[in-house]
Amino acid sequence: MPSPSRRTVLASGSALGGTLLTGGLPAQASAADPESTAGTAHEPPPDPWRTVLADADLVWQRMPATWYEGPFLGNGFLGSGIYAEPGAETRAVRFNVQHSEVQDHRPEFGSLFGLARLPIGHFTLEPVGTITGLDWRLGLRDAELTGTLTTDRGTLALRALVHNDRSVLAVEVTPSEGERGFRWVFHPADAISPRAAFRPLPDGYRGNPPPEVTEHDGVLAAVQPLLAGGQHVTAWRERRAGGARTLYVHVAHSYPGTTALDRALKAVRRASPLPYSALAVTHRAWWHAYYRKSFLSLPDARLQRFYWIQLYKTASAARRDAPVMATCGPWLESTPWPNTWWNLNAQLEYWLIHGSNHLELDAITRSLSEFRDNLAKETAPPYRADSLGIPRTTDPHLVNGAAGTLTGYGVGIPGQDPPTPEVGNLTWALHNVWLSYRHTMDESILRDVLFPLLRKAINYYLHFLEPGPDGRLHLPATFSPEYGGNSRDCNYDLMLLTWGCRTLLESAELLGIDDESAPRWREVLARRVPYPTDANGFMIGADIPFAKSHRHYSHLLAVYPLYELTGRTSHERDLIERSLAHWVGFEGALQGYTFTGAASMSALLGKGEDALKYLGELMSRFVQPNTMYKESGPVIETPLSAAQSLHDMVCQSWGGVIRVFPALPDAWADLTVHDFRTQGAFLLSAVRAGGVTRWVRLVGEAGAPCVVQHGITGPVEVRDGRGRPLRYSDAGEGAIRIALPKGESALITARGDRPDLTIAPVRPNEEASRWGLPAE
């Protein structure tokens, strides 16, 4: 690639046309004119986001039969999964209509029945003729499904989106002459917990009454009353313009009032006068800006496409003001998991938002803060004054309802059973909040959310810690998700307790708080019993060895994601390696997120080949054609956590050190990352070419201490945004320390090197098939 010109280097801003970083090189490094990177002198350089997103589009030349195969649209609230109508595969296409706010409100039946997400229904697109073929494309950049459905009577050209702001499903269909008589039909679903198909009904539980479909001045509405009060309403209208017909659909939910009908009607009436192309303008603008917040390109074509699909999927399923994702996101299907799960799922669902620079999707921090009063109610009455907890499952308002294996799982009390003493889930969820603080350095997150909530979550533990004959502090029996059995000194809880006390002490110091509990937190760190281990590594707890196949890494949290144990000593590294090998060595119960966890732990140890191997196991054994995932029913967390595993291979920033390309396999000789967000609120850009890191650039948003393991061999130069030398010092272990004030940047290169700063996709090592169902 040619070097940037002098005028490009001296330009203001962080990018030119989204492809060339500016600043950080001396003017004399300039060479060719930037236009020379294009095919002709008058063409701009290719836009890297357009290139990678177009390459990642999913395609269908075969009819998808299930949610695991078909296209999916969403905006964090309204979601639609698209596939053949079961039992009528050649006669109709299903467009599911589901919504993340639609739930029941009968807490006496618990979170899995009485507070469960409720199915809404689906539309069928019913052609005149028999379906004989299709050619669809889910365009990631525009977040739209486009293509053609072919029948023995003609064709149906369609475009579909779930509008980002208006929360309207819009489907434009342009039929050929023989298909002008196609129709849309709405099929309401029974408003009953999806878990009813998998587990016995609680005594006294019954489904809600059937909906009533009514017409309101040209707008149809299916009004679903709820036994507890309130309603949810699906409203729709079809409009004709020229040769096209466009369906507009909106869903509204209200409780305890019945305002949903008016809201749904208004939303459809406001959207339906707009042609599809007009709706698409603002929708596309949001998505285009969304993707440009970060960039990643690697030479594995299949994995690179998978990664960008996960960014699309996350923004389709999550928004800060939307409910925390349920196990299947907004695309509710038949599932035994019809609510939000807090013993792993919610945490994994949101990890990738940090590195990819998408904190606007952080519903966990917002929800834990907004509904904190409900967290006190989930603990037993004697502890509510000073403690908080979150059960295994909740509704969007963090309410669990009745405790019991049929209806939900309460927080529990250490040393007692029933209910199951599963008590660490809130502390783990607050680790996500801590990550949001560390990646933004927004003190309000630390002061207003993390510190007060973590203080009470740890306080719950402190009620039960007790000294043993060895002088150490011990925990009564608690439950390690999801191994089975209760154990004293359970590693899941000991590891979270340790991280929590350390984080509270550090937070109090940062906030200038002299907390009365600080001496107790220090005592816990000094006297806490060591994590139980045996010859195979970490045990479940003092009473339970790790001795059977188990999908969950609840006994390994101190390794990942807490980074309390990182292999700094040979003994610690050996313990991690033995534990990891023993865990994944038991086949039988291993699932997809087993392999994402193993990949991230391997990345921690710098084992890029192992990390790639584990991701390969995930892709070949578990990931479905559209990158979705299932365990008894649809679950969304595993593919999203695989994107985080890729992040962990490309960059790690735990412990106050930014590690650039810490665990890349040999096959990834070329790699580009841009505006990757790290702890300390730095934006990282870096390029690796021919197996060599050519340059690293950091922009500091908060003025935090900057220590970076850059990975550049030999002496380096560090320059600021104007190309002037910056002072730095040796920080040990291949790292340097840079004084980087807020808003300033630092470019690190090999001494005397003047690399090209173009941000561009790397060339794939080999071709790979697209996701979706391409022609065989």
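Placed above this text is the structure.
Residues numbered from 1 in each chain as written. Predicted model: local features only at pLDDT ≥ 70, side-chain atom pairs only at ≥ 80, totals over all residues. Heavy atoms only, no water.

**Student:** Describe the overall build of the chain, with residues and values.
**Tutor:** What the chain contains, in helices and strands, is 18 helices and 36 strands. Rg of the C-alpha trace for the chain: 27 Å, near the compact-globule value of 28 Å for 776 residues, within the 12% margin. With respect to the principal axes defined by its C-alpha atoms, the chain has extents near 75 × 75 × 45 Å. Across the 776 residues of the chain, 62% fall into the buried class. Sequence separation of at least 24 residues holds for 68% of the intrachain contacts in the chain that already meet a minimum separation of 6. On the chain, roughly 27400 Å² of surface is accessible, and the fraction owed to carbon and sulfur atoms is 50%. Computed over 74 positive and 82 negative side-chain charges, the separation of the two mean positions in the chain equals 4 Å. (Helix = DSSP H or I, 4+ residues; strand = E, 2+ residues; numbered from the N terminus. Rg over C-alpha atoms; globule rule 2.2 N^0.38 Å. Buried < 20%, exposed > 50% of the residue type's maximum accessible area, 1.4 Å probe, protein only. Contact = heavy atoms within 4.5 Å. Areas by Shrake-Rupley, 256 points an atom, 1.4 Å probe, with all protein chains shown as cover. Lys, Arg positive; Asp, Glu negative; His and termini not counted. Charge placed at Lys NZ, Arg CZ, Asp CG, Glu CD.)

**Student:** Mind laying out the layout of surface pockets, listing which residues take part and the relevant values?
**Tutor:** Empty space within the largest pocket amounts to approximately 880 Å³. Together, 44 residues line the largest pocket, and Trp434, Arg438, Trp654, Gly655 and Gln679 are the ones closest to its centre. It is helix H13 (residues 491–511) that provides the largest number of residues to the lining of the largest pocket, a total of seven residues. Residue composition of the lining of the largest pocket, grouped by class: 21 nonpolar, 15 polar and eight charged. (1 Å grid on protein atoms, 1.4 Å probe; cavity = no way out; pocket = protein on both sides within 12 Å on 5 of 7 lines; lining within 4 Å. Points joined across faces, edges and corners; volume = space filled by probe spheres on them. Nonpolar A, V, L, I, M, F, W, Y, C, P; charged D, E, K, R; others polar.)

**Student:** Break down the side chain of Thr427 for me, citing the residues and quoting the values.
**Tutor:** If you trace the backbone, Thr427 turns up in helix H11 (residues 425–440). Leave out the neighbours within four places in its chain, and Thr427 touches Leu454, Ala457, Ile458, Tyr461, Leu496 and Trp499.

**Student:** Talk me through the packing of aromatic side chains; I want residue IDs and the actual numbers.
**Tutor:** The tally for this structure, following the rule as stated, stands at 38 aromatic pairs. For the ring pair Phe186 and Trp236, a centre distance of 4.9 Å and an interplane angle of 45 degrees mean the geometry is tilted. Of this pair, Phe186 sits in strand S10 (residues 183–188) while Trp236 sits in strand S13 (residues 231–241), and the two are 50 residues apart along the sequence. We note that Phe186, like Trp236, is buried. Where Tyr291 meets Trp308, the ring centres are 6.3 Å apart and the plane angle is 55 degrees; that geometry is what we call tilted. With Tyr291 in helix H5 (residues 276–291) and Trp308 in helix H6 (residues 301–317), this pair connects stretches of sequence that are 17 residues apart. Trp308 shares its class with Tyr291; the two are buried. Directly above the aromatic system of Phe182 lies the positively charged group of Arg245, at a separation of 3.7 Å from the ring centroid. (Phe/Tyr/Trp six-rings, centres within 6.5 Å; stacked < 30°, edge-to-face > 60°. Lys NZ or Arg CZ within 6 Å of the ring centre and 35° of its normal.)

**Student:** So what's going on with the sheet that holds strand S12 (residues 219–225)? Residues and values would help.
**Tutor:** Sheet strands associate in pairs through backbone hydrogen bonding, adopting either a parallel or an antiparallel arrangement. Read across the sheet, ten strands follow the order S11-S12-S13-S14-S9-S8-S7-S6-S1-S36 without closing on themselves; strand pairing throughout is mixed. In this open sheet, the two edge strands, each paired with only one partner strand, are strand S11 (212–216) and strand S36 (772–773). Across seven bridges, strand S8 (residues 154–162) lies against strand S9 (residues 169–175) in antiparallel orientation. The residue of S9 that forms the bridge with Ala160 is Val171. Set on the sheet, H5 makes contact with strand S7 (144–151), S8, S9 and strand S14 (244–254); between it and S8 the angle comes to about 40 degrees. (Pairing = 2+ DSSP bridges. Axes fitted to C-alpha atoms, helices over the stretch in contact; angles between N-to-C directions.)

**Student:** Residues and numbers for the pairing of strand S3 (residues 78–84), please.
**Tutor:** With seven of its seven residues buried, S3 lies for the most part within the structure. Inspection of the sheet shows strand S2 (residues 72–74) paired to S3 by three bridges, in the antiparallel sense. Directly across from Gly74, in S3, lies its bridge partner Gly79. The antiparallel hairpin formed by S2 and S3 contains three residues in its connecting segment, where Gly76 sits at a positive phi of about 90 degrees.

**Student:** Residue-level account of the packing of helix H9 (residues 363–370) against helix H12 (residues 443–462), with values.
**Tutor:** It is at 10 Å that the axes of H9 and H12 come closest, and there the two elements cross at 65 degrees. When the axes of H9 and H12 are compared, the pair comes out roughly perpendicular. With respect to the hand of their crossing, H9 and H12 are arranged in left-handed fashion. On the side of H9, the interface is formed by Thr365, Leu368 and Ser369, while H12 contributes Ile445, Val449 and Leu453. When grouped by side-chain class, the residues that make up the contact of H9 with H12 number four nonpolar, two polar and no charged. (Parallel < 35°, antiparallel > 145°, perpendicular 65-115°, else oblique. Left-handed = near helix turned anticlockwise from the far one by under 90°.)

**Student:** Let's hear about the nonpolar core: which residues, and what values?
**Tutor:** Counting residues in hydrophobic clusters, the biggest one holds 215 residues, and the most contacted among them are Trp308, Leu368 and Tyr553. Ranked by residue count, the leading element in this core is H12, at twelve residues. One finds Ala252, Ala260, Leu261 and Leu265 within the second-largest nonpolar core, a separate group that totals eleven residues. (Core = buried A, V, L, I, M, F, W, Y, C linked by side-chain atoms within 4.5 Å.)

**Student:** I'd like to hear about the environment of Ala143, residue by residue, with values.
**Tutor:** Position of Ala143 among the secondary structure elements: in the loop between strand S6 (131–139) and S7. Between the C-alpha atom of Ala143 and that of Val524, which follows or precedes it by 381 residues, the distance is 50 Å. Here Ala143 is in contact with Leu73, Ala160, Leu161, His283, Trp287 and Tyr312, once residues within four sequence places are set aside.

**Student:** With reference to specific residues and values, describe H12.
**Tutor:** An ideal rise of 1.5 Å per residue puts 28 Å on 20 residues; H12 measures up with 26 Å between its terminal C-alpha atoms. Approximately 40 degrees is the largest bend angle found in H12, and it occurs at Leu450, with the proline Pro452 only one to four residues beyond. (Expected span 1.5 Å × (residues − 1). Bend = angle between axes of the 7 residues up to and from the residue.)

**Student:** I'd like a rundown of the environment of Val623, residues and numbers included.
**Tutor:** Looking at where Val623 falls in the secondary structure, it is placed in the loop between helix H17 (608–621) and strand S24 (629–630). In this structure the C-alpha to C-alpha distance between Val623 and Gly592, which are 31 residues apart in sequence, comes to 7.8 Å. Excluding anything up to four places from it in sequence, Val623 contacts Phe306, Leu618, Met628 and Trp771.

**Student:** Please set out the pattern of salt bridges residue by residue, giving values where relevant.
**Tutor:** Enumeration over the complete set of coordinates arrives at 35 salt bridges. Residues Glu144 and Arg284 are paired through a salt bridge, measuring 2.4 Å at the closest nitrogen-oxygen approach. A residue pair is termed long-range when its members are at least 10 positions apart, and Glu144 in strand S7 and Arg284 in helix H5 qualify at 140 residues. Overall, Glu144 belongs to the buried group, its relative accessible area being 3%. Taking relative accessible area as the criterion, Arg284 reaches 25% and is therefore assigned partly exposed. Several salt bridges share partner residues, and in doing so they unite Asp142, Glu144 and Arg284 into one network. (Salt bridge = Lys/Arg side-chain N within 4 Å of Asp/Glu carboxyl O.)

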